[in-house]
Amino acid sequence: MAHWIEPHPTGIYVRPADAWIDPSQPQERALVTHGHADHARGGHGHVWATRETLAIMALRYGTASGTAVDYGDEVRMGGVTIRYVPAGHVLGSAQIILDHAGERVVVTGDYKRRPDPTCLPFQPVPCDIFVTEATFGLPVFRHPDTGSEMDRLLAALHTNPDRCVLVGAYALGKAQRVICELRGRGHHDPIYIHGAMERMCALYEQFGVDMGELRSATGVPAKDMRGHIVISPPSALNDRWSRRLPDPITAMASGWMRVRQRARQKNVELPLVISDHADWDELTDTIREVAPNETWITHGREEALLHWCMTHQIRARALALVGREDEDEG
Ligand SMILES: [Zn+2]
Ligand SMILES: [Zn+2]
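Let us look at the structure shown here. (Residues numbered from 1 in each chain as written. Chains lettered and ligands numbered in written order. Predicted model: local features only at pLDDT ≥ 70, side-chain atom pairs only at ≥ 80, totals over all residues. Heavy atoms only, no water.)

1. Things to note about the overall build of the protein
To keep it simple, the criterion reads: Helix and strand labels come from DSSP, where a helix needs a run of H or I of at least four residues and a strand needs a run of E of at least two; each type is numbered from the N terminus. Every radius of gyration here is taken over C-alpha atoms, with the globule rule written as 2.2 Å times N^0.38, N being the number of residues. For the exposure calls, accessible area comes from a 1.4 Å probe over protein chains only, and a residue counts as buried if that area is under 20% of its type's maximum, exposed if over 50%, partly exposed in between. Whether two residues are in contact is decided by their heavy atoms: any pair within 4.5 Å suffices. All accessibility values rest on the Shrake-Rupley procedure with a 1.4 Å probe; residue burial counts only the protein chains present in the view.
Of regular secondary structure, the protein possesses 7 helices and 19 strands. In summary, the protein has a C-alpha radius of gyration of 20 Å against a globular reference of 20 Å for 330 residues, a match within 12%. Considered along the principal axes of its C-alpha atoms, the protein spans approximately 65 × 45 × 30 Å. For the protein, buried positions account for 59% of its 330 residues. Taking the intrachain contacts of the protein between residues at least 6 apart in sequence as the baseline, contacts between residues at least 24 apart amount to 61%. When the accessible area of the protein is evaluated, it comes to approximately 13100 Å², of which 49% is carbon and sulfur surface.

What follows is the structure in structure tokens.
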């Protein structure tokens, strides 16, 4: 089935279009699902992606040759009709829908089904072959309700007015989502952000994501940050940068916080299970909904999902794509 689409360790090759999806090595023609570094690399000849993803790639790698594809637009490429539809993962994230020779393949990139105020919701598209991520492809991964995690964060802030809450959050997607979720729960105080995420937050704002008052944490005296939320990349949680904060309560927002050992390794006092990836129920519900003949699974932890597909009469295979995991992204 669909011999025109070929999984390789370095990406998925669409032969009649002579194009690669999320290639991990520079290619002449690249179709990119979203801006995270394990999907969007620099150095391609020409990139097709949403305008948000192109802007994110330009921020990270410098401006390159690209064609903006809006959600729902159709692009014809060597007899393949290509459409990008929302994946609900981060700003600009898309599933790539490919139609050729009477067959439809959907490549999700990363996705989730929960509401996210910073991006459009995942749109299920029935297909013959469904290429799904499985970052959290084990039944043990069931993400709690986002609102209850945000309430724990706000409770920690309000009961410790002399400290600050330092939240480790991935600089593309998670940080902006956490900020918007806080605003949605009535937290309108200024939020301090680490210098490394200022430009990405500004980019989100340019695309219409309103995050309220953000202040750079750079050069701010510790006492001014008391009673406030500070957001930094996960890598800055335990480095020298965080020592100048006022007695921080260390939090981290990631699906991996479900694993106690990971929270302990990073000295996280307040683990917040907030993920931009589908959990086990979202994965299996989505496969049921798009009802493919065949499922291809990426991002590791595929065993349980392979087994689940088998017991539901869906053919399935694991794709060994290289470099498809970033443990902080979660
Ligand atoms: Zn991603
Ligand atoms: Zn990914």
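2. Some words on empty space enclosed by the protein
Under the convention used in this document: With a 1 Å grid laid over protein atoms only, a set of points is called a cavity when a 1.4 Å probe fits there but cannot get out and a pocket when it is open yet has protein on both sides within 12 Å along at least five of seven lines; lining residues have an atom within 4 Å of a point. Grid points are joined across faces, edges and corners, and a volume is the space filled by probe spheres set on the points. Amino acids are sorted into nonpolar (Ala, Val, Leu, Ile, Met, Phe, Trp, Tyr, Cys and Pro), charged (Asp, Glu, Lys and Arg) and polar (every other residue, Gly among them).
For the structure on display, the rule yields 2 cavities of 30 Å³ or more. Estimated volume of the largest cavity: approximately 110 Å³. Of all the elements, strand β11 (residues 129-133) adds the most residues to the lining of the largest cavity, at 3 residues. Here the lining of the largest cavity is built from residues that sort into 5 nonpolar, 6 polar and 3 charged.

3. Focus: the coordination of the zinc ion (ligand 2)
Note the cut-off: Distances decide who is a donor: an N, O or S atom must be within 2.8 Å of the metal, or within 3.2 Å for Na, K and Ca. Water is not included, so sites may look incomplete.
Taken together, Asp38 (OD), His39 (NE2), Asp110 (OD), Asp110 (OD) and His299 (NE2) make up the full set of protein donors to the zinc ion (ligand 2), lying 2.1 to 2.7 Å away. Mapped onto the sequence, the donors of the zinc ion (ligand 2) take the spacing D-H-x70-D-x188-H. Between the two metals, the zinc ion (ligand 2) and the zinc ion (ligand 1), the spacing is 3.8 Å, and Asp110 donates to both. On the criterion of sequence distance, the pair formed by His39 in the loop between β4 (29-31) and β5 (46-49) and His299 in the loop between β18 (294-298) and α7 (303-311) is long-range, its members being 260 residues apart.

4. Quick notes on the side chain of Thr284
With respect to the helices, strands and loops of the structure, Thr284 is situated in helix α6 (residues 280-290). When its relative accessible area of 4% is taken as the criterion, Thr284 is described as buried.

5. Notes on the sheet that holds β18
Stated formally: Each pair of strands is called paired provided DSSP finds at least two bridges between the two strands. Note on definitions: angles span 0 to 180 degrees between N-to-C directions of axes, and those axes are lines fitted to C-alpha atoms, for helices only across the stretch in contact.
Here 7 strands make up an open sheet; going across it, the order is β7-β8-β9-β10-β11-β18-β19 and the pairing mixed. Across the chains shown, the open sheet's two edge strands, defined by having one partner strand only, are β7 (74-77) and β19 (315-318). Adjacent strand axes in the sheet meet at a mean angle of 20 degrees, parallel and antiparallel pairs treated alike. Bridge analysis of strand β8 (residues 80-86) against strand β9 (residues 94-100) gives 6 bridges, and the strand direction is antiparallel. Across the sheet, residue Val85 finds its bridge partner in β9, namely Gln95. Contacts between α6 and the sheet are confined to β11 and β18, with β11 contributing the most and set at about 165 degrees to the helix. Most of the contacts of α7 go to β19, to which it runs at about 165 degrees, and overall it touches β11, β18 and β19.

6. What about unusual backbone geometry?
For Ala291, which is not glycine, the phi torsion reads 45 degrees and is therefore positive. In this structure, Gln313 is a non-glycine residue whose phi angle is positive, near 55 degrees. Position of Gln313 among the secondary structure elements: in the loop between α7 and β19. Residue classification places Gln313 among the exposed positions, given a relative accessible area of 71%.

7. Concerning α6
As a reminder, the rule being used: Two N or O atoms count as a polar contact when they lie within 3.5 Å, although within protein this holds only if one can serve as hydrogen donor and the other as acceptor, and sequence-adjacent residues are included solely when both atoms are side-chain atoms.
Looking only at α6, the buried set comprises Trp280, Glu282, Leu283, Thr284, Thr286, Ile287 and Val290. A side-chain oxygen of the first residue of α6 lies 3.3 Å from the backbone nitrogen of Asp281; this N-cap is Asp279. Where α6 ends, the next residue or the one after it, Ala291, has phi of about 45 degrees, a positive value.

8. A word on the packing of helix α2 (residues 146-158) against helix α3 (residues 174-184)
The cut-off we apply is this: Any angle between 65 and 115 degrees counts as roughly perpendicular, while under 35 counts as roughly parallel, over 145 as roughly antiparallel, and the rest as oblique.
The contact between α2 and α3 brings their axes to 10 Å, and the two run at 80 degrees. The orientation of α2 with respect to α3, classified from their angle, is roughly perpendicular. Contacts from Thr146, Met150, Leu153 and Leu154 of α2 reach α3 at Arg177, Val178, Glu181 and Leu182. Here the contact of α2 with α3 is built from residues that sort into 5 nonpolar, 1 polar and 2 charged.

9. A short note on the sheet that holds β4
Taken together, 6 strands build an open sheet; the order of strands is β1-β2-β3-β4-β5-β6 and the sheet is mixed. Strands at the two margins of the open sheet, each flanked by one partner only, are β1 (5-8) and β6 (66-68). Averaged over all pairs of adjacent strands, the angle between their axes in this sheet comes to 25 degrees, without regard to strand direction. Bridge count between β4 and β5: 3 bridges; the pairing is parallel. Across the sheet, residue Leu31 finds its bridge partner in β5, namely Trp48. Contacting β5 and β6, helix α1 (residues 51-61) crosses the sheet at an angle of about 135 degrees to β5.

Note that all results are geometric; they support no functional claim without further evidence.
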